[in-house]
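Overview (structure and organization)
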Amino acid sequence: MPDVTFTVDGKQITAPAGTLLIEACKSAGIEIPAFCYYPGLSLQAACRMCVVRIEKMPKLQTACTTPVAEGMVVSSETPEIAQARKATLQLLLGNHPLDCPVCDAGGECELQDMTFKYGAGESLYAEAKNHREEQQWSPVVYFDRPRCILCYRCVRMCGEGMDVFALGIQNRGSSAVIAPNIPAHQSPDHLAHLDCEQCGMCIDACPVGALTSGAYRYKTRPWEMNHVATICTHCGDGCKTTLGVRSTSDGAEIVRGDNRDKSGINGDFLCNKGRYAFDFANSPERITAPLVRQPDGSLKEVSWEEAFAHAGKKLRELRDAKGGSSIGVIGGNRLTNEEAYLLQKFARTVLGTNNIDHHRTADYVTFAQALAGQQGRTASWRDTQSYPAVLIVGGDPTNQAPGTAWNLRADVRLNKARLYVANTDEIKLRRQAKAFLQLAPFGYGALTAYLAGDAASASNAATNTSALDTFRDAVKAEEKLLILIGSELRGADLKRLIEFGLTIPGAKFALLSDYANSRGAADMGLLPDMLPGYVPVSNPGPFAEHNAPTKNGLNMLEIFEAAGRGELSALYVVNSNPISRYNVDPAVLKDTFVVVHEMFMTETAQLADVILPAANLYEKGGSVTNSYGDLQLVQKAGDRAGVRTDFEMIVRVADKMGADIKALVPFGKGLRADMGQSRGAQSGEADRHAVWLTANNLEPKLSPFDSWAILDEIQRLVPGYNLLRLQLLSGNDQHLEPAAASAASANRRDLVLPSGDTLFTSGTLGRFSPALNDVQRYQGNEPLIQIHTAAE
Amino acid sequence: MSTITNSIFSPETAARFDRLVTLYPVKRSALVPMLLYAQDEVGYVSDAVVTEIAERLDLLELDVRNVLSYYSMLRTKPAGKYNVQVCTNISCMLRGGYEILDHCKHKLGIGHKEVTADKVFSLEEVECIGACCWAPAMQVNYDFHDNLTTVKVDEILATYRAGQGKDVK
Ligand code: SF4
Ligand code: SF4
Ligand code: SF4
Ligand code: FES
Ligand code: FES
């Protein structure tokens, strides 16, 4: 759009025609107060806070609905406007109790700020206020009616943003209220409730303290927390989240999660899990001391030294006596990249085995191989915000990758993107789709064959074959197409789909997996046949310096088969629960020495000989890679006495095995620790020096527990991980492309086992989150709702 | 064509609704008239009415309730056979609307939005009913009565009680 030039408060501003005045002012650093306006949602003009004076217009105008025009002359702050805003505030405060000292929003409330600014705390209105008690609408959403200023943000957020439409507005005038979708008279406890996705987006959007969060309400104040920017530990989207943390007697507790600064690819979005399911970290069931199995079969708490020494000694003996190939290693989907890399390096160079695997939730090996040699063909998650056309084959983002679904809905709503959905189920995103293709049960293979040109497969792909033709033609006609692929597509099917997509010049691909670092686990080579960066074990290329075995190891299933045959001397499991996931008979491990890093007494931990209490992803630093291949920074937020990071524990076990730690973790390299001057005239020197070192990957790594030392190695050796260090450290995402060699073996087993997680489950971890359990039970319709009335 | 199989409405009303949805560019525009006609037939807007109307207009029940709760003429509880609506808005107030209301309350022994035990009368205080020139005024079901005095109200109520009033429900 052409630019127009106009004046606000005497300042000349230029903005594209059609920009809303409020946005143009914001970009120019002029703040206009707004309650109902919310970027990305439809315009409401309900609050009248944003009024400004525009020359030649008879009355004050709402800046949130007025597009800028050439030559416009605007005043944003005059006595007239202040008077109008004050009067508006008095009306908005008609039912409001001004109970800021006890309100959750106090200290970060737009209404509070404006009331201070315009001085409308004393009202001219003498009518009695309409009071209603606080209501619990669901385990996570509470409503305090008197604080509501009827801005409709929550209603629009839930409808347009979430496509749930669980909130409405009822009655009229000063008795109008926001109402949830289960009316009191229809609910078993005669109280109004919400039947919805429980995302808490409405709470986040609420400019005041009317909607409050079950996790956070009345717990603390915004200024009493530390705020740590990190990545959600749940699904494969990798939403950025700011965790509010406060100290407790045994560490630091997370009390809140949101992304209101919109700093990540998820914008302001978090789903139920991201917003509430951090509470597993505070669970009293956490293991907080190392445990070693005694001769009588019981587990005994021991010192760290004893646990590491025992694990190290046994592993060394078994390796030396029975060979590395008798040992299996299983890594988790929520480790950092550095930990995953370190684990496979530990397995391959210290234990001497390629028997290494993880719970695979998508076939990234085939994905990387099918795109070998291609440039710019993998999609970043950012592309889901802006691509003009998107095809989703398989998967159900609404449940499995809620952040992706959020971005796609916004793309359709704001950019009129064309969404094509092909699925065996009627997934919810079909409601935004331009075309929905209902596939026959298990029809993905037939679909890819059909797309590859095998017309005979059409009838196996879909009952309506003419719809199939139309669908294919519409997709092929797109010039820029994002192809999102669900984990149902693997191996040959996945390859065929990608080959079809490659015939569309502007197509980009992404394969969706299930956990925070599922992609990282695959990229970092937690696989029996692939080294990091999908380098085949048999042809280690850059990794030749590790002198690791070059024969493919045993995969997840083969490891347990070997155990069943009595051929597995030891099993090393890091934050994974294969026993329950793969329904392994515990008896197969009876003669295997099992070391487990875990937070909880999972089915797998119960069989361990040594249990090392682990920190979770919210309690450590490093990097993770989301489904799309976007690398992001993880920072330590929570803390718990008695646990250690997987990184440290691997290094310590390796040390007790007698490994050369400098070879395992290349620390102590880089410059000598010349920190520059920290005081006096040259004091800025230290900071500048540090920035320079960081930018050049030369910051001193002084300890073997410094995971950045491993990041240096990842950057040096892993194809595709040519990352920008400062970009990572400053909390920005960056897209990485796997640079695989094309497929070597044709008959590789993909072993993909989708997690089957929904909006309210998250693998084994989710079972230990009280919030997820509550919401599951609630949405499962048990009449469990117990109303806690507001603190007196 | 109606896709509703087990309509709770009479065949005539159901047919009327089938047509109503075709009259507007957007289906949901039929919501307010539909609610009114449904109330006339059923006596009030019951949960079943909300459900069927939502289905007919492809709305969520929440949407129907949002609109329903906005209008004071729509009620979610049964009224009496004769619903007495007394205006107390400005013109009527100046000419004794509140006395009329108080008189009705006393006479019928019920308050605002209440129903007599025998379910014959219900009472409501309402905003302007557009009969200001002849204030004070009241409406019984769809029947207007103006230039009221307490004596006249007694007569009107008696007529209805005797079953002789117009009943244009
Ligand atoms: S929690 Fe989410 S889905 Fe539920 S009402 Fe709020 S915005 Fe809607
Ligand atoms: S509850 Fe909050 S977001 Fe919703 S209308 Fe009220 S003030 Fe606005
Ligand atoms: S969408 Fe995924 S990454 Fe984002 S908050 Fe939810 S679970 Fe976490
Ligand atoms: S922000 Fe403009 S009217 Fe509310
Ligand atoms: S004020 Fe009573 S009818 Fe208008």
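Residues numbered from 1 in each chain as written. Chains lettered and ligands numbered in written order. Predicted model: local features only at pLDDT ≥ 70, side-chain atom pairs only at ≥ 80, totals over all residues. Heavy atoms only, no water.

**Notes on the overall build of chain B**
What counts is decided by this rule: Numbering of helices and strands starts at the N terminus; helices are DSSP runs of H or I of at least 4 residues and strands are runs of E of at least 2. The cut-offs for exposure are 20% and 50% of the maximum accessible area for each residue type, with area from a 1.4 Å probe on protein chains only; residues under the lower value are buried, those over the upper are exposed, and the others partly exposed. Any pair of residues with heavy atoms lying within 4.5 Å of one another is described as a contacting pair. Areas reported here follow the Shrake-Rupley algorithm with a probe of radius 1.4 Å; residue values treat only the protein chains shown as occluding. Counted charges follow a simple rule, with Lys and Arg positive, Asp and Glu negative, and His plus the chain ends left uncounted. Each charge is placed at NZ for Lys, CZ for Arg, CG for Asp and CD for Glu.
For chain B, the count of helices and strands is seven helices and five strands. In chain B, the order of α-helices and β-strands from amino to carboxyl end is α-α-α-α-β-α-α-β-β-β-β-α. Along the three orthogonal principal directions, the C-alpha set of chain B runs to about 50 × 30 × 25 Å. Evaluated residue by residue, chain B yields a buried proportion of 46% over its 169 residues. Long-range pairs, those at least 24 residues apart, make up 59% of the contacts in chain B with a sequence separation of at least 6. Surface accessibility of chain B: about 9000 Å² in total, with carbon and sulfur atoms responsible for 55%. Side chains of chain B carry 18 positive and 22 negative charges; the gap between the two charge centres is 1 Å.

**Looking at the overall build of chain A**
Stated precisely, the cut-off is as follows: What the globule rule says is 2.2 Å times the number of residues to the power 0.38, and the radius of gyration is computed from C-alpha atoms.
Helix and strand counts for chain A come out as 26 helices and 31 strands. The globule rule puts the C-alpha radius of gyration for 792 residues at 28 Å, and the 28 Å found for chain A is close to it. Overall size of chain A, expressed as C-alpha extent along the three principal axes, is 90 × 65 × 65 Å. Here chain A holds 792 residues, and the buried ones make up 58% of them. Residue pairs in contact within chain A that sit at least 24 positions apart in sequence constitute 69% of those at least 6 positions apart. Of the roughly 30900 Å² of accessible surface on chain A, 51% is carried by carbon and sulfur atoms. Across chain A, the centroid of the 78 positively charged side chains sits 2 Å from that of the 89 negatively charged ones.

**Quick look at the interface of chain A and chain B**
Rule in force here: Here the quantity called buried area is the accessible surface, traced with a 1.4 Å probe, that two parts lose on coming together, added over both. Salt-bridge detection follows one rule: a side-chain nitrogen of Lys or Arg within 4 Å of a carboxyl oxygen of Asp or Glu. By the criterion applied in these results, polar contacts are pairs of N or O atoms within 3.5 Å in which, for protein atoms, one can donate a hydrogen and the other can accept it, and in which residues neighboring in sequence qualify only through two side-chain atoms. Asp, Glu, Lys and Arg are counted as charged, while Ala, Val, Leu, Ile, Met, Phe, Trp, Tyr, Cys and Pro are counted as nonpolar; the rest, among them Gly, fall into the polar class.
Between chain A and chain B, the residue contacts involve 15 residues of the former and nine residues of the latter. Summing both partners gives a buried area of about 940 Å² for chain A against chain B, and 47% of it is carried by carbon and sulfur. Between chain A and chain B we count zero salt bridges in total. On inspection of chain A and its partner chain B, the count reaches six residue pairs in polar contact (both at pLDDT 80 or more). For the side of chain A that touches chain B, the leading source of residues is strand 8 (residues 167–170) of chain A, giving four residues. Tallied by class, the residues present in the side of chain A that touches chain B amount to eight nonpolar, six polar and one charged.

**A short note on helix 26 (residues 770–779) of chain A**
Residues and elements named next belong to chain A. Operational definition: The arc in question is the one traced by the directions running from the helix axis out to the C-beta atoms.
Those residues of helix 26 that sit buried are Ala771, Leu772, Val775 and Tyr778. Projection of helix 26 onto a plane perpendicular to its axis shows the buried side chains occupying an angular sector of 130°, all on one side. Buried residues in helix 26 make contact with helix 6 (272–276) and helix 25 (763–766).

**Quick word on the site of ligand 1**
We count it as follows: Any residue with at least one heavy atom within 4 Å of a molecule or strand is counted as near it.
Taken together, A:Val141, A:Cys158, A:Val164, A:Leu167, A:Leu194, A:Cys196, A:Glu197, A:Gln198, A:Cys199, A:Gly200 and A:Cys202 make up all the residues around ligand 1. Each residue belonging to the shell around ligand 1 can be placed in one class, and the counts come to eight nonpolar, two polar and one charged.

**Side note on the environment of A:Lys11**
All names here are of chain A. Take lysine 11: it is sitting in strand 2 (residues 11–16). Given a relative accessible area of 40%, lysine 11 falls into the partly exposed group. Sequence separation between lysine 11 and serine 75 is 64 residues; the distance between their C-alpha atoms is 9.9 Å. Each residue touching lysine 11, except ones within four places of it in the same chain, is listed here: Phe6, Ala28 and Ile30. Polar side-chain contacts of lysine 11 include one of 2.8 Å to the backbone oxygen of alanine 28.

**Digging into the pattern of salt bridges**
All names here are of chain A. In the structure shown here, the tally under the stated rule is 48 salt bridges over all chains. Here aspartate 733 ties to arginine 382 by a salt bridge, and the two come within 2.8 Å at their closest N and O atoms. Residue aspartate 733 is located in the loop between helix 24 (725–729) and strand 31 (734–735), and its partner arginine 382 is located in the loop between helix 9 (364–370) and helix 10 (383–386); the two are separated by 351 residues in the primary sequence. The exposure class of aspartate 733 is buried, given its relative accessible area of 11%. For arginine 382, a relative accessible area of 33% corresponds to the partly exposed category.

**Focus on the nonpolar core**
Basically, it comes down to this: Here, nonpolar core refers to any group of buried Ala, Val, Leu, Ile, Met, Phe, Trp, Tyr and Cys residues whose side-chain atoms link them within 4.5 Å.
Of all hydrophobic cores here, the largest spans 93 residues; its most connected members are A:Phe35, A:Trp137, A:Leu167, A:Ile178, A:Leu211 and A:Leu419. A:Val302, A:Val595, A:Val610 and A:Leu633 belong to the second-largest nonpolar core, a separate cluster that totals 59 residues.

**Considering the domain arrangement of chain B**
Going by this rule: Per the annotation, domain bounds derive from an automatic or database assignment of domains.
Segmentation of chain B into domains returns domain 1 (11–68) and domain 2 (82–161). Each of domain 1 of chain B and domain 2 of chain B has a C-alpha centre, and these two points are 29 Å apart.

**Describing the sheet that holds strand 17 (residues 356–358) of chain A**
All names here are of chain A. Put simply, the test is: Strand pairing is defined by DSSP finding a minimum of two bridges between the two strands. In this analysis, axes come from line fits to C-alpha atoms, helices being fitted only over the stretch in contact, and the angle between any two N-to-C directions falls in the range 0 to 180 degrees.
Taken in spatial order, the seven strands make up an open sheet running 15-14-27-26-25-16-17, and their pairing is mixed. Taken across any chain shown, the strands that pair with only one partner, and hence form the sheet edges, are strand 15 (299–301) and strand 17. Across the sheet, the mean angle from the axis of one strand to that of its neighbour is 15°, orientation sign disregarded. Bridging between strand 16 (residues 327–331) and strand 17 involves three bridges; their strand directions are parallel. Pairing of isoleucine 330 across the sheet is with aspartate 357, part of strand 17. Lying on the sheet, helix 20 (residues 646–656) is in contact with strand 25 (570–574), strand 26 (593–598) and strand 27 (610–613); it crosses strand 25 at an angle near 155°.

**Overview of the site of ligand 3**
Residues and elements named next belong to chain A. Taken together, Cys232, His234, Cys235, Asp237, Gly238, Cys239, Leu270, Cys271, Lys273, Gly274, Pro402 and Gly403 make up the full set of residues adjacent to ligand 3. Taken together, the elements giving at least two residues each to the shell around ligand 3 come down to helix 6 and helix 12 (402–415). Here the shell around ligand 3 is built from residues that sort into six nonpolar, four polar and two charged.

**A look at the packing of aromatic side chains**
The geometry of two aromatic rings is summed up by the distance between their centres and the angle between their planes. Rules: Ring geometry is summarised as follows: Phe, Tyr and Trp rings, the Trp one being its six-membered ring, pair when their centres sit within 6.5 Å, and such pairs are stacked at plane angles under 30 degrees, edge-to-face over 60 and tilted between the two. Working rule: Lys NZ or Arg CZ, within 6 Å of ring centre, within 35 degrees of ring normal, means a charge sits over the ring.
Per the stated rule, a full pass over the model turns up 14 aromatic pairs over all chains. Site record: aromatic cluster; members linked through ring pairs are B:Tyr82, B:Phe121 and B:Tyr160. Note that A:Arg256 overlies the ring of A:Tyr216, its terminal NZ or CZ placed 4.8 Å from the centroid. The residue whose ring lies beneath A:Arg644 is A:Trp304, and the NZ or CZ to ring-centre distance is 4.2 Å.

**A short note on the domain arrangement of chain A**
Frequently, the measure chosen for interface size is the accessible area that the parts lose on association. Residue and element names in this part refer to chain A. The domains assigned to chain A are domain 1 (3–77), domain 2 (91–213), domain 3 (291–361 + 519–735) and domain 4 (365–512). Spacing between the C-alpha centres of domain 2 and domain 4 amounts to 40 Å. Summed over both sides, the interface between domain 2 and domain 4 buries roughly 620 Å², with carbon and sulfur atoms accounting for 43% of that surface. In terms of surface lost to domain 4, no three residues of domain 2 exceed Glu160, Gly161 and Asp163, which account for 65% of the buried area on that side. There are two salt bridges connecting domain 2 and domain 4. Notably, a salt bridge pairs glutamate 197 with lysine 428, separated by 2.5 Å at the nearest N-O pair.

**Examining the environment of A:Ala126**
With respect to the helices, strands and loops of the structure, A:Ala126 is situated in the loop between helix 3 (110–118) and strand 6 (135–136). Sequence separation between A:Ala126 and A:Gly94 is 32 residues; the distance between their C-alpha atoms is 9.2 Å.

**A closer look at helix 20 of chain A**
Residue and element names in this part refer to chain A. Burial within helix 20 is extensive, with eight of its 11 residues counted as buried. Within helix 20 the residues assigned to the buried category are Asp646, Phe647, Glu648, Met649, Ile650, Val651, Val653 and Ala654. Two residues or fewer after helix 20 comes glycine 658, characterised by a positive phi angle close to 90°.

**Describing the sheet that holds strand 2 of chain A**
All names here are of chain A. Pairing is mixed across the open sheet formed by five strands, whose spatial order is 2-1-5-3-4. With one partner strand each, in any of the chains shown, strand 2 and strand 4 (61–62) form the two edges of the open sheet. Sheet topology places strand 1 (residues 3–8) next to strand 5 (residues 73–75); two bridges connect them, and they run parallel. Each residue of the ladder has a partner; that of threonine 7, found in strand 5, is valine 73. Docked against the sheet, helix 2 (residues 79–92) engages strand 3 (51–54) and strand 5, running at close to 150° with respect to strand 3.

**Re the pairing of strand 27 of chain A**
All names here are of chain A. The side-chain alternation of strand 27 yields two buried faces, one formed by Val610 and Leu612 and the other by Ile611 and Pro613. As defined by bridge partners, strand 14 (residues 291–293) adjoins strand 27 across two bridges and the pair is classed as antiparallel. Among the inter-strand pairings, valine 292 is bridged to a residue of strand 27, identified as valine 610. The sheet contact formed by strand 26 and strand 27 spans four bridges and is parallel. Residue pairing in the sheet places glutamate 598 in a bridge with proline 613 of strand 27.

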